[in-house]
Amino acid sequence: MTPFPRDLYAPLVPYAPDRRPVEVDLSDNTNRWGTHPGALAAVRTADPEELLRYPPVYADRLRAAVAARFGVPLEAVATGCGSDDLLDSAFRAAADPGESIRFIPPTFSMIEIFATMNGLVPRPLDRAAPRSPSAPFGPLPDPGLLLDTEEGTPAIVYLCRPNNPTGEVLPRPWIETLLDQAGPTGPVVLLDEAYADFMEPDEGPDDLLRLAATSDRLVVLRTLSKAFGLAGLRVGFAVGAPEVIREIEKSRGPYKVNRLAEAAAVLALDDREGWIPETLAAARAERTHLARALVERGLAPLPSGANFLLVPTEGIGAGDAASVTAKLREAGVAVRPFPSLPGFGDAVRVTLGPRHETDRFLAALDTLLTPTT
Ligand code: PMP
């Protein structure tokens, strides 16, 4: 009999981000501009019938709303309780226990955890080459290095674009080369686009999502937790070829999106000219503004396609990532610390918010930068 607790779970610890109340919380990349107003109205006016009945098994209204927004078939869409749920389900659908998953650190911290939870072997690809002003994230690795390792071919390649926590937007041609090299029988490529809505429109944020609907191996994952302001409702979706999506739904199981979440998400996804594009434009403008303000202070934020900036703490002169985070919290602002990030050293990640929150953050930062006499 398998011993309980399982050995596999020994290295895992429950997720425990610092959620103590704070004046301005810029630590979790949720939407600081608020919640989609139509979605909020849908929750407020819910019929009690919505609560006592089970939701549709695979959230077909939500699938239809995703399909309509992006111009893909409904059968190419899976939904889940946040994109976390879809990542977890996709891992199970695409890999047997003991198989491996490739990714490029630093990236979304849950990946190694979901891999371990599912009995997969995490195989990070070290991006050893040094960073430079012309390549702030370091040169891109040869895609082939993700596909073949000394230990064999991985079952899954995970990529995140824009990447959490660096903000890097992997170029589309590089991803297409990877897909070509992987071919129809290679690893399943999971492209996590949790932050794609924040990319500049001329970067083609939805191009790869549309490609995924007809690709043999590419699956794109999105969330309503960020741009759509619905993290509390837990809604995510995946787009891939119908045969691949079907396997993910089998692995995910029924009833993962509740009725209120589905109703709210459908309204938010239908918004093409209102609150969503307005807040996205505001977030992009704030990204430029905050980056400039940090550079003026002698800091070196990484270029970002997401709703956050990664700021190496070296230039702040107030200690490592943990102590900078603690001091900012004392000054009323929460950010996320990233100690010893491969290639970047200690850094903090700051979520973008409306101007008064940016100002509040900069004021807190200035108390660290200004030498006290
Ligand atoms: N992917 C990335 C890169 C993320 O940063 C997050 C949220 N932290 C998620 C997926 C999960 O998002 P959710 O489960 O809220 O949809």
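### A short note on the overall build of the protein chain
Each helix and strand counted, the protein chain has 13 helices and twelve strands in total. Its C-alpha atoms put the protein chain at 65 × 55 × 50 Å along the principal axes. In the protein chain, buried positions account for 53% of the 373 residues. Looking at the protein chain alone, contacts between residues at least 24 apart form 73% of all its contacts between residues at least 6 apart. Roughly 16,600 Å² of accessible area belongs to the protein chain as shown, and the carbon and sulfur atoms make up 55% of that amount. Side-chain charges in the protein chain split into 37 positive and 50 negative, and the spacing between the mean points of these groups amounts to 3 Å.

### Remarks on the site of the ligand
For the ligand, the set of nearby residues contains 13 residues, the closest of which are Ser83, Asp192, Tyr195, Thr223 and Ser225. A distance of 3.0 Å is found between an oxygen atom of the ligand and a backbone nitrogen or oxygen belonging to aspartate 84. Isolated, the ligand exposes 400 Å² of accessible area, and the fraction of that covered by the protein chains is 91%. Looking at the shell around the ligand, the element that brings in the most residues is helix 4 (residues 82-94), giving three residues.

### Section: the domain arrangement of the protein chain
Examined at the domain level, the protein chain breaks down into domain 1 (24-34 + 275-369) and domain 2 (37-270). Once you take the C-alpha centre of each, domain 1 and domain 2 turn out to be 25 Å apart. The partner domain 2 presents 28 residues to the 25 residues of domain 1 that form the contact. Overall, the association of domain 1 and domain 2 removes approximately 2,100 Å² of surface from exposure, summing both partners, and the carbon and sulfur fraction of that is 64%. Put simply, domain 1 and domain 2 have one salt bridge between them. For arginine 287, the salt bridge goes to glutamate 200, with nearest N and O atoms at 3.0 Å. Summed over the shared surface of domain 1 and domain 2, the result is 13 residue pairs in polar contact (both at pLDDT 80 or more). Those elements that provide at least two residues to the side of domain 1 that touches domain 2 are helix 11 (275-296), strand 9 (308-312) and strand 11 (336-341).

### Topic: the pattern of salt bridges
This structure, assessed with the given rule, holds 23 salt bridges. For the salt bridge of glutamate 357 with arginine 32, the shortest nitrogen-to-oxygen distance reads 2.8 Å. Residue glutamate 357 is located in helix 13 (residues 355-369), and its partner arginine 32 is located in the loop between strand 1 (24-25) and helix 1 (37-44); the two are separated by 325 residues in the primary sequence.

Here is what the cut-offs are and how they apply
- Residues numbered from 1 in each chain as written.
- Predicted model: local features only at pLDDT ≥ 70, side-chain atom pairs only at ≥ 80, totals over all residues.
- Heavy atoms only, no water.
- Helix = DSSP H or I, 4+ residues; strand = E, 2+ residues; numbered from the N terminus.
- Buried < 20%, exposed > 50% of the residue type's maximum accessible area, 1.4 Å probe, protein only.
- Contact = heavy atoms within 4.5 Å.
- Areas by Shrake-Rupley, 256 points an atom, 1.4 Å probe, with all protein chains shown as cover.
- Lys, Arg positive; Asp, Glu negative; His and termini not counted.
- Charge placed at Lys NZ, Arg CZ, Asp CG, Glu CD.
- Near = heavy atom within 4 Å.
- Polar contact = N/O pair within 3.5 Å; in protein donor to acceptor, adjacent residues only side chain to side chain.
- Domains from an automatic or database assignment.
- Buried area = accessible area lost by both parts, 1.4 Å probe.
- Salt bridge = Lys/Arg side-chain N within 4 Å of Asp/Glu carboxyl O.

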